[in-house]
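Remarks on the overall topology
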Amino acid sequence: TDSLPKVEETELAPLWITGREYGKLRGSMTKQIVGAKTVAEKNKAIRDQALIMLMAECGLRESEVCALNFSDLKVMKNKGEVQVRYGKGNKSRLVPFNKDVVVVLKSWIEVRGEHDGALFVGKGGDRLGTRGIQRMVAEMGMKAGITDLRPHRLRHYFVKTRLDEGASLIEVAALTGHSRLETLRRYG
């Protein structure tokens, strides 16, 4: 009743996939592209690979991926960057990416063709929504033998990997759009 002791709340550490799991996921995505039986199946697999790698290698939220347009990408020979215009709290940021992401994005752009609008679309040509991304990520996880794969676990993988590589909390916060460093300290 009124005399019960107050229990301090503690935030749980975020869940991320391991480097080994990410390797399995990438291998599974490549197998799906190579083993596709139809052009439509192959194109979808190429799209899914580009989307998942952007999330895992750039730390993007699914809502940020949904909002991406072709004009938000700058793809060069061995690197690139993505402009996140509509991050949480309507904050924007610029996130660099590596050659691996360049390769898969170029494959997707080749399939999709250059457009002015949405980078990722579904079957009907409409912008892919968060529910569609959540379903696709879970399905790709199951195919790779990763249970309960969710988009945010890919984002957490990005954060954990960058911190383990020696990036500062401030650098990772800038890349991910986190406003509180305390949020990132939970990855320790």
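Here we summarise the structure given alongside this text. It should be emphasised that the depicted structure is a prediction, and the values quoted were computed from it without experimental measurement.

Before going further, it helps to examine the overall build of the chain. Secondary structure summary: the chain contains eight helices and three strands in total. Ordering the α and β elements of the chain from the N terminus gives α-α-α-β-β-β-α-α-α-α-α. Relative to its 188 residues, the chain shows a buried fraction of 43%. Across the chain, the fraction of contacts at a sequence separation of at least 24, relative to all contacts at a separation of at least 6, is 62%. A total accessible area of about 10,800 Å² is found for the chain, and carbon and sulfur atoms account for 52% of it.

It is at 9 Å that the axes of helix α2 (residues 39-58) and helix α4 (residues 99-112) come closest, and there the two elements cross at 145 degrees. Note on packing geometry: the crossing formed by α2 with α4 is left-handed. Together, Asn43, Ile46, Arg47, Gln49, Ala50, Met53, Leu54 and Glu57 of α2 and Asp100, Val101, Val104, Leu105, Ser107, Trp108 and Val111 of α4 make up the contact between the two elements. For the contact of α2 with α4, the per-class residue count stands at nine nonpolar, three polar and three charged.

In this structure, Leu25, Leu54, Val82, Phe120 and Leu154 are the most contacted members of the largest nonpolar core, which totals 43 residues. In contact with leucine 54, other than residues within four places in its own chain, are Gly59, Leu60, Leu68, Val82, Val101, Leu105, Leu119 and Phe120.

With that settled, consider empty space enclosed by the protein. Taken as a whole, this structure holds one cavity of 30 Å³ or more when the rule is applied. Every residue lining the largest cavity is listed: Ser63, Glu64, Ala67, Leu68, Asp72, Gln83, Val84, Arg85 and Tyr86. Mapped by element, the contributors of at least two residues to the lining of the largest cavity are α3 (62-67) and β2 (80-84). Sorting elements by how many residues they give to the lining of the largest cavity places α3 first, with three residues. Class assignment for the residues of the lining of the largest cavity results in four nonpolar, two polar and three charged.

For residues besides glycine, phi is generally negative; the peptide bonds are generally trans as well. Although it is not a glycine, aspartate 148 sits at a positive phi angle of roughly 60 degrees. Among the structural elements, aspartate 148 can be located in the loop between α5 (130-143) and α6 (151-164). Residue classification places aspartate 148 among the partly exposed positions, given a relative accessible area of 43%.

Taking 1.5 Å per residue, 14 residues should reach 20 Å; α4 reaches 20 Å between its end C-alpha atoms and fits that length. Among all positions in α4, only Val101, Val102, Val104, Leu105, Trp108, Ile109 and Arg112 are buried. Tucked into the core, α4 has its buried residues touching α2, β1 (73-75), β2 and β3 (93-97). Structurally, the start of α4 carries an N-cap: the backbone nitrogen of aspartate 100 is 3.1 Å from a side-chain oxygen of asparagine 98.

Turning our attention to the packing of aromatic side chains. What the rule picks out here adds up to two aromatic pairs. With a centroid separation of 4.7 Å and an interplanar angle of 35 degrees, the aromatic rings of tyrosine 22 and tyrosine 157 are classed as tilted. With tyrosine 22 in helix α1 (residues 19-34) and tyrosine 157 in helix α6, this pair connects stretches of sequence that are 135 residues apart. Seen from their ring centres, tryptophan 108 and phenylalanine 120 are 6.2 Å apart, and the 15 degrees between their planes marks the pair as stacked. Note that tryptophan 108 is positioned in helix α4 and phenylalanine 120 in the loop between α4 and α5, a separation of 12 residues in sequence. A relative accessible area of 5% means that tryptophan 108 is categorised as buried.

Moving on: α2. Look at α2: 28 Å from first C-alpha to last across 20 residues, which is about the 28 Å you get at 1.5 Å a residue. One or two steps after α2, the chain reaches glycine 59, where phi turns positive at roughly 70 degrees.

Criteria and thresholds
Residue positions are given per chain, counting from 1 as you read along its sequence in written order. Local features in a predicted model are, by the rule used here, given only for residues with pLDDT of at least 70; side-chain atom pairs are given and counted only at 80 or more, and totals for whole chains, interfaces and linings are based on all residues. With hydrogens and water excluded, all non-hydrogen atoms of the structure serve as input to the side-chain values. Put simply, DSSP H or I for four residues or longer makes a helix, DSSP E for two residues or longer makes a strand, and each gets a number counted from the N terminus. Only protein chains enter the calculation, and the probe is 1.4 Å; a residue is then buried if its accessible area is under 20% of its type maximum, exposed if over 50%, and partly exposed in between. Contact criterion: two residues are considered in contact whenever any of their non-hydrogen atoms come within 4.5 Å of each other. The method behind every accessible area is Shrake-Rupley, applied with a 1.4 Å probe, and residues are considered shielded solely by the protein chains displayed. The axes used here are C-alpha line fits, helices contributing only the stretch in contact, and every angle between their N-to-C directions lies in the interval 0 to 180 degrees. Left-handed describes a crossing whose near helix is turned anticlockwise from the far helix through less than a right angle; right-handed describes the clockwise counterpart. Charged residues are taken to be Asp, Glu, Lys and Arg, nonpolar residues to be Ala, Val, Leu, Ile, Met, Phe, Trp, Tyr, Cys and Pro, and polar residues to be all remaining types, Gly included. Throughout, nonpolar core names a set of buried Ala, Val, Leu, Ile, Met, Phe, Trp, Tyr and Cys residues whose side chains join them through atoms within 4.5 Å. In the cavity and pocket records, a cavity denotes points on a 1 Å grid over the protein atoms alone where a 1.4 Å probe fits but cannot get out, a pocket denotes an open set with protein on both sides within 12 Å along at least 5 of 7 lines, and lining residues are residues with an atom within 4 Å of a point. Grid points are joined across faces, edges and corners, and a volume is the space filled by probe spheres set on the points. Expected span of a helix, by definition, is 1.5 Å for each gap between consecutive residues, and there is one gap fewer than residues. For the purposes of these results, a polar contact is taken to be a pair of N or O atoms within 3.5 Å, where, inside protein, one atom must be able to donate a hydrogen and its partner to accept one; residues adjacent in sequence count only when each atom of the pair is a side-chain atom. The aromatic pairing rule takes the rings of Phe, Tyr and Trp, using the six-membered ring of Trp, and pairs them if the centres are within 6.5 Å, calling planes under 30 degrees apart stacked, those over 60 edge-to-face and the rest tilted.

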